[in-house]
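Listed here are the chains, written in short residue letters.
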Amino acid sequence: VTLRDVQVSMWGFNGTFTSDGAVLLGRTFQMTATARFSNGGEDVTRAASWESSNPSVAPITPGGLLTGFANGSTVVTATYQGTSGSLVVSVSDIP
């Protein structure tokens, strides 16, 4: 079985994103990581290592919880078994 890539995504509830898809300031989101293997996919959210390129805008916990702290953007990266996937996240205080 070969690890092909890691996909990063996030989910939230109505009222947690702006009209253009940015994260609303002060809201917390669960990021998810899915490892894609040669024989299928597996949720590796809890096993992945998480990093935010701009933690002053949106820090992330070891479990993948991201909070919008300031206007701006960050790149969220999940690494699992040496393979990484990333997602650009924007934060805004304008709904």
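Scroll up to find the structure.
Student: Got a minute to help me understand the sheet that holds strand S2 (residues 23–24) in this structure?
Tutor: Sheet strands line up and pair through hydrogen bonds in the backbone, either parallel or antiparallel. Spatially, S2-S8-S7-S5 is the arrangement adopted by the 4 strands of the open sheet, whose pairing is mixed. The outermost strands of the open sheet, each flanked by one partner alone, are S2 and strand S5 (49–52). Of the pairings in the sheet, the one linking S5 to strand S7 (residues 72–80) comprises 4 bridges and is antiparallel in character. Bridged to Ser52 within S7 is Val76.

Student: Help me understand unusual backbone geometry, please; the structure alone is not making it clear to me.
Tutor: Most peptide bonds take the trans configuration, and most residues that are not glycine carry a negative phi. We note that Gln81 has phi near 50°; this positive angle belongs to a residue other than glycine. When you line up the elements, Gln81 lands in the loop between S7 and strand S8 (83–92).

Student: I would appreciate a short explanation of the environment of Asp5 in the present structure.
Tutor: Following the sequence through the fold, Asp5 ends up in strand S1 (residues 3–11). Each C-alpha atom of the pair Asp5 and Thr83 lies 6.3 Å from the other, and the pair is 78 residues apart in sequence. Setting aside residues no more than four positions away along its own chain, Asp5 makes contact with Thr34, Ala35, Arg36 and Thr83.

Student: How do you make sense of the pairing of S8 when you look at a structure like this?
Tutor: Walk down a regular strand and you will see the side chains alternate between the two sheet faces. Here S2 pairs with S8 via 2 bridges, running parallel. Residue pairing in the sheet places Leu24 in a bridge with Ser92 of S8. With 9 bridges connecting them, S7 and S8 associate as antiparallel partners. Looking at the pairing, Thr74 lines up with Val89 of S8. What sits between S7 and S8 in their antiparallel hairpin is a turn of 2 residues, with Gln81 showing a positive phi close to 50°.

Student: Please explain the pattern of salt bridges as it appears in this structure.
Tutor: For side chains bearing opposite charge, pairing can occur when the charged atoms are close. Under the defined criterion, the tally for this structure stands at 1 salt bridge. Here Arg36 ties to Asp5 by a salt bridge, and the two come within 2.9 Å at their closest N and O atoms. Taken together, the residues Arg36 in strand S3 (residues 28–37) and Asp5 in strand S1 connect sequence positions 31 residues apart. Residue class for Arg36 comes out partly exposed when judged on its relative accessible area of 37%.

Student: How do you make sense of the nonpolar core when you look at a structure like this?
Tutor: The nonpolar side chains of a soluble globular protein tend to be buried with one another. Met31, Ala33, Trp50, Leu66, Val76, Ala78 and Tyr80 are the most contacted members of the largest nonpolar core, which has 21 residues in total. Elements represented by at least two residues in this core include exactly S1, S3, S7 and S8. With 5 residues, S3 is the largest single contributor of residues to this core. Once residues within four sequence positions are removed from consideration, Ala78 is found in contact with Val6, Val8, Ala33, Ala48, Ser49, Trp50, Thr83, Ser84 and Gly85.

Calculation criteria
Here the residue index of a chain counts from 1 through its sequence in written order. Restriction of local features to residues with pLDDT of at least 70 applies here, the model being predicted, together with a cutoff of 80 or more for giving and counting side-chain atom pairs; totals for whole chains, interfaces and linings are based on all residues. Hydrogens and water molecules were not included; the side-chain quantities draw on all heavy atoms of the structure. Being paired, for any two strands, means DSSP has found at least two bridges between them. Numbered from the N terminus, helices here are DSSP runs of H or I no shorter than four residues, and strands are runs of E no shorter than two. Whether two residues are in contact is decided by their heavy atoms, any of which lying within 4.5 Å being enough. Counted as salt bridges are all cases of a side-chain nitrogen of Lys or Arg within 4 Å of a carboxyl oxygen of Asp or Glu. Three exposure classes are used, based on accessible area relative to the maximum for each residue type with a 1.4 Å probe and protein chains only: buried under 20%, partly exposed in between, and exposed over 50%. Nonpolar cores were defined as sets of buried Ala, Val, Leu, Ile, Met, Phe, Trp, Tyr and Cys residues, with membership established by side-chain atoms within 4.5 Å.

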